[in-house]
Structures are given as structure tokens and as C-alpha cells.
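Each chain, written out:
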Amino acid sequence: MDKKERSTLRKLRRKNYEGFLLIVRGLEAGVAAGLVCVLFRFLLSKAEEYLYIIIERVKGSSLAAAGWIAALCALGIIVSLIIKRVPDSGSSGIPQVGAEARGLMDADWRRVIPAKLFGSTVSVFSGLSLGREGPSVQFGAMAAKGAARITHADKTTELRMLSSGAGAGLAAAFNAPLAGVMFVLEEIHKTFDKAVLCVAIVACVTADFISKLFFGQDTVFSYQSETIPLRSYWLIILFGVLAGLFGAFYNSFMIFCRDLFQRLGKIPLWVRFAAVFAVSGAVGLLLPQVLCGGHTMSQLLINERPEAGVVLGLFAAKFLFGAFSFCSGAPGGTLYPMCVLGAYGGAAFAQAAIALFGMDDALWQDFAVLGMAALFASIVRAPVTGTILVFEITGNLNTLLPLAAVSVISYAVANALGSTPFYEALEQRLENGAQAKARAKSSEKVLKSYVIPTGSRANGKTIAELDWGKHSVIVSVERGETPITPKGNTSLCCGDTLVFMISQRRFAESCKKIEQQLAPEEE
């Protein structure tokens, strides 16, 4: 056994002070992620503020409008040069973080953070329909990774901090610490790990605290709520089904558009970005409501309650412009624009229900909020995160039950249709591309925990009966609070936590092999 393996095994024996170390690492990740995300939120607020000032000034003057669009073309060329130099800074950022957590990428945090800061800020200043949450997740992950590298953390700790930093970024973007924690477990880490949970809780709470120090404690989305009567829950079921259907269509359409843009690879990137930013300038002059993440649209919906035709028109325009903006590869997120789409979809459904079924008129805002959670659950395929996220950004406890109900229904419908979760589909394209080649060369071993799920093919079998791959070994089995020394004849049960020591060189393929062994039995 080499020195690195002995060092890795010693981590298993540090039970007396392991909790303290995890808290410290969570604080490091949370502070780093929180500070970078606060800077990003400040830059975006200024970018959006000055964007609308410029649009108001150039309207009515053909010469000024032409000059503005020419300036946007130049900005598009600059962003394209940055992405060409730092490819990991393009697009949303969430698929990149997921790929890195699986060992498929090893981005340079020192280059990604400044490149993404500039690119995302310029993209929003140019009016592209992109949000702050995707870059915030990547900023949080990269900042936490930087903190791990600066403090010379081992690879296991670095991956825990990276995953937790991603959740901290989401928490800082939306003032939603619980959603950040669930995002780590449900979307990034995709398995329950007590150590990751501990680091994530501390990191998300810390980042949220830092964010609130700068931006206050107000919720992101404020509205007048009513308690939805139980007799109206059949409308929630119907809306959940419709949201699930649209979510499946949304994923297919977005991936189709993304692949379509990829086929334009023969056109130089700077030409494509110049054209995309020019189109954004034209859209801004004609329909400024659909620009940026969607704050203007959400304010319009809540404050003015537009007619059904206007709601549907803005819904369609935001959907198409959002797909165009994101699929271009420009740096920026899709979660907040997606939530705005959900709010408009919910409002449109509520107006129809009021007219056709006599639903209480006061409930229309509640359905707008339900739309955010329903669309998140069906598109991202993370219903728990979606429920908690919308609950936290609205701050209304009365909607928790209907939020959970509509999220589960829309999730189930989209899942039944066989729609690939949005970020998983994007991550698969990273995995198949040149970017996804793992660049890690270290021979260090990584510790990763898995919980055997109900119905797993591993249930009732011994360790020796399953093929875990050549580059991973079980170093601990935890049954409840009781640790079991793993042997070939050790029988495994649902609920057991398996701690693997995995070669960093083969981390991605080893994790995939382990997940196959823990998958449910095929019927």
C-alpha cells in the first residue's frame, strides 16, 4: 500500500474530529462562494439597470439604434474570444459542475471565474434571456475549489467542497439555503453522503448569510397569497399534468436547438456571437420585457396582471428568445427564465380556470407560483429542490402542500414520457465532447459514499458477488450507526452506506460502474 492510500485510509479513523473539520471546510466553501456570487449579483443588477437606460435613450433614433446594435456585435465578438480561450466559461455552468463532480472535467478555477464574470455580465448587459443561477452555481463550485486548492485539501475534500460550493452559489443567487443543500444532493452529487451533507449545510447557510448582508432579507418573488381550497386540488392535478407535458417538450426543443447551433460549427464563433448579440439588440428595441433573466416580466405579471392574450404572447416570446439565447452558448443560466416561464404558464392556466370552471379569482397568483415549481420539476427532474426553491423565494408556507403536489405530478408525467432531464442531457454532450476528457493526472485516491437504495440489485448479495470494477474498493460498510469491516462474504442490505476508495484517474468510469451495481433490479 503506497503513502497516498495509507493517507486515505487514515481519514476513515478521524471520527473524533471529523465533524469539526467538515464544518471548517463548509465555512471555507461558503465564504468563498458567497463573496464571488455577491459580486456577480451586483454586476448583473448594474448591467440590467444600464441596459434599460440605454434602450430608452436610443429608441426613436434610427442612427442611435444602429450604433447600439453595432456595439452589441463588438461585445459579442469579445465574449466569443473569451469563450474560445476559456471554453469552460461558456453556457450555463451547471452541466460543467456536474461533469467535474463526476471526474469528467478539471476546470482551472483561476481562469473560469474572471472569464465567466465578464462573459455573463456582458451577456445580460446585451439583453440575452439568461439568468444568474447557472453561473452562480459554477462560481460557487470554482470558488470552493479554489479554497480547497489554496489550503492544500486532499481530492476527497476538494470534491466535497466543490459540490457544496455549487449549492452555496444557488443559495446566494436566490436567498435559498435549503434549496442549495437539496440541489447538491439531488442534482450535483446525486447520492446521499453524510459528509457532503454536513459541508453543504454549512456552506449554503454561510453563503446565504453573506448574500443577505449585501442585498437584504427580502424574498426574490413577493405576491399576495391565498389558501387554495381542497375542492380545487383537481385543478392542481390537471395543471401538473400539463406542466409535465410542456416540460418534456421544453427539454426536447432546447436540446434540438442546442444541437442545431452545434451544427453551425463551420461558421466562426465570433461571427455567430456577433449575430446573436445583434438579434438581442433588435429584440430589446421591439420587446424589452423579455430581456435578461425575467425580473421585468415577473414585476409586470404581479403588478399589472395583464390580459390572457398578453400573458400567452409574452410566454411564447420569452420561451423562443430564451431558447435562442441559451442555445447560442453564451454564458448565462436558464433557471430563473424557466421560473418566469412557469409563472406565466400558471397565470394563463389560472385565467382559463377562472373563466371555464369558476375558480376563485384571488387564486391566480398562487397558480403563477405553482407554475414555477411545476416547470422546474418537469424540466430539471428535481422535484424536492424545485418545491423548496419556490417556497424559499416566495417565503409563503401556505403553498408548501400544493407546491409539493404539483411538483410530483409534473415530475412523474415528464418522467413517464421518457424525457431526459435537462442538465443531464447537457452533461452527456459534455461527456461526449473534447471538453469532457478528464485532465486529472494525480494518482491520489478519492473517498465516495453510496447508499444502497430500495430495490437495488445489490440487496441481499455479498460484496464478492458484485463487480465493482478494478479501480475501486469498499473500505467501509455502515449499517445505521454500526460500522462493518467489509469482507468478500459481507452481505449487503438496502440502506447500507458503502464507502469506496476510488482511483482518481478512473474516477468517472468507476462511479458509473458502481452506480450500475446499485441500480434497481430489472423487472
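Conventions we followed
- Residues numbered from 1 in each chain as written.
- Predicted model: local features only at pLDDT ≥ 70, side-chain atom pairs only at ≥ 80, totals over all residues.
- Heavy atoms only, no water.
- Helix = DSSP H or I, 4+ residues; strand = E, 2+ residues; numbered from the N terminus.
- Rg over C-alpha atoms; globule rule 2.2 N^0.38 Å.
- Buried < 20%, exposed > 50% of the residue type's maximum accessible area, 1.4 Å probe, protein only.
- Contact = heavy atoms within 4.5 Å.
- Areas by Shrake-Rupley, 256 points an atom, 1.4 Å probe, with all protein chains shown as cover.
- Lys, Arg positive; Asp, Glu negative; His and termini not counted.
- Charge placed at Lys NZ, Arg CZ, Asp CG, Glu CD.
- Salt bridge = Lys/Arg side-chain N within 4 Å of Asp/Glu carboxyl O.
- Axes fitted to C-alpha atoms, helices over the stretch in contact; angles between N-to-C directions.
- Nonpolar A, V, L, I, M, F, W, Y, C, P; charged D, E, K, R; others polar.
- Pairing = 2+ DSSP bridges.

(A) Expanded view of the overall build of the protein. Helix and strand content of the protein: 19 helices and 4 strands. Taken against the 2.2 N^0.38 rule, which gives 24 Å for 523 residues, the C-alpha radius of gyration of the protein at 23 Å falls within 12% of a compact globule. Expressed as lengths along the three principal axes of its C-alpha atoms, the size of the protein is roughly 75 × 55 × 45 Å. Across the 523 residues that make up the protein, the buried fraction comes to 57%. Nonlocal contacts in the protein, meaning residues at least 24 apart in sequence, comprise 83% of its contacts between residues at least 6 apart. On the protein, roughly 21900 Å² of surface is accessible, and the fraction owed to carbon and sulfur atoms is 61%. Where the 50 positive side-chain charges of the protein centre and where its 41 negative ones centre are 9 Å apart.

(B) The pattern of salt bridges, seen in detail. One pass over the full model with this rule turns up 13 salt bridges. Its salt-bridge partner being Glu 158, residue Lys 155 comes within 3.0 Å of it at the nearest N-O pair. One end of the pair, Lys 155, and the other, Glu 158, are both in helix α7 (residues 155-174), 3 residues apart, so they sit about a helical turn from each other. What makes Lys 155 buried here is its relative accessible area of 11%. Close ionic contact of Arg 479 with Asp 496 constitutes a salt bridge, the shortest N to O distance being 2.7 Å. You can see Arg 479 sitting in strand β2 (residues 472-479) and its partner Asp 496 sitting in the loop between β3 (482-484) and β4 (497-503), a full 17 residues away along the chain. A relative accessible area of 2% places Asp 496 in the buried class. It is possible to trace a salt-bridge network through shared partners that takes in Glu 100, Asp 106, Lys 145, Arg 149, Lys 155 and Glu 158.

(C) Representation of the packing of helix α4 (residues 94-101) against helix α6 (residues 133-150). Their axes nearest at 8 Å, the elements α4 and α6 cross at an angle of 35 degrees. Where α4 abuts α6, its residues Ile 94, Gln 96, Val 97 and Glu 100 lie against Gly 134, Val 137, Gln 138, Ala 141, Met 142 and Lys 145. Partitioning the contact of α4 with α6 into residue classes produces 5 nonpolar, 3 polar and 2 charged.

(D) Molecular detail of the environment of Val 137. Its place among the elements puts Val 137 in helix α6. For Val 137, a relative accessible area of 0% gives the class buried. In this view, Val 137 contacts Ile 94, Val 97, Gly 165, Ala 166, Gly 169, Leu 170 and Phe 183; residues no more than four positions away in its chain are not counted.

(E) Structural detail: the pairing of β4. Among the 7 residues of β4, 7 are classified as buried, and the element is accordingly described as predominantly covered. With burial as the criterion, each face of β4 is covered, one bearing Thr 497, Val 499, Met 501 and Ser 503 and the other bearing Leu 498, Phe 500 and Ile 502. When strand β1 (residues 445-451) meets β4, the two strands line up antiparallel, connected through 7 bridges. From the neighbouring strand, Tyr 450 faces β4, where its bridge partner is Leu 498. Note that β2 and β4 share 6 bridges and pair antiparallel. Following the sheet pairing, Glu 478 is matched in β4 by Thr 497.

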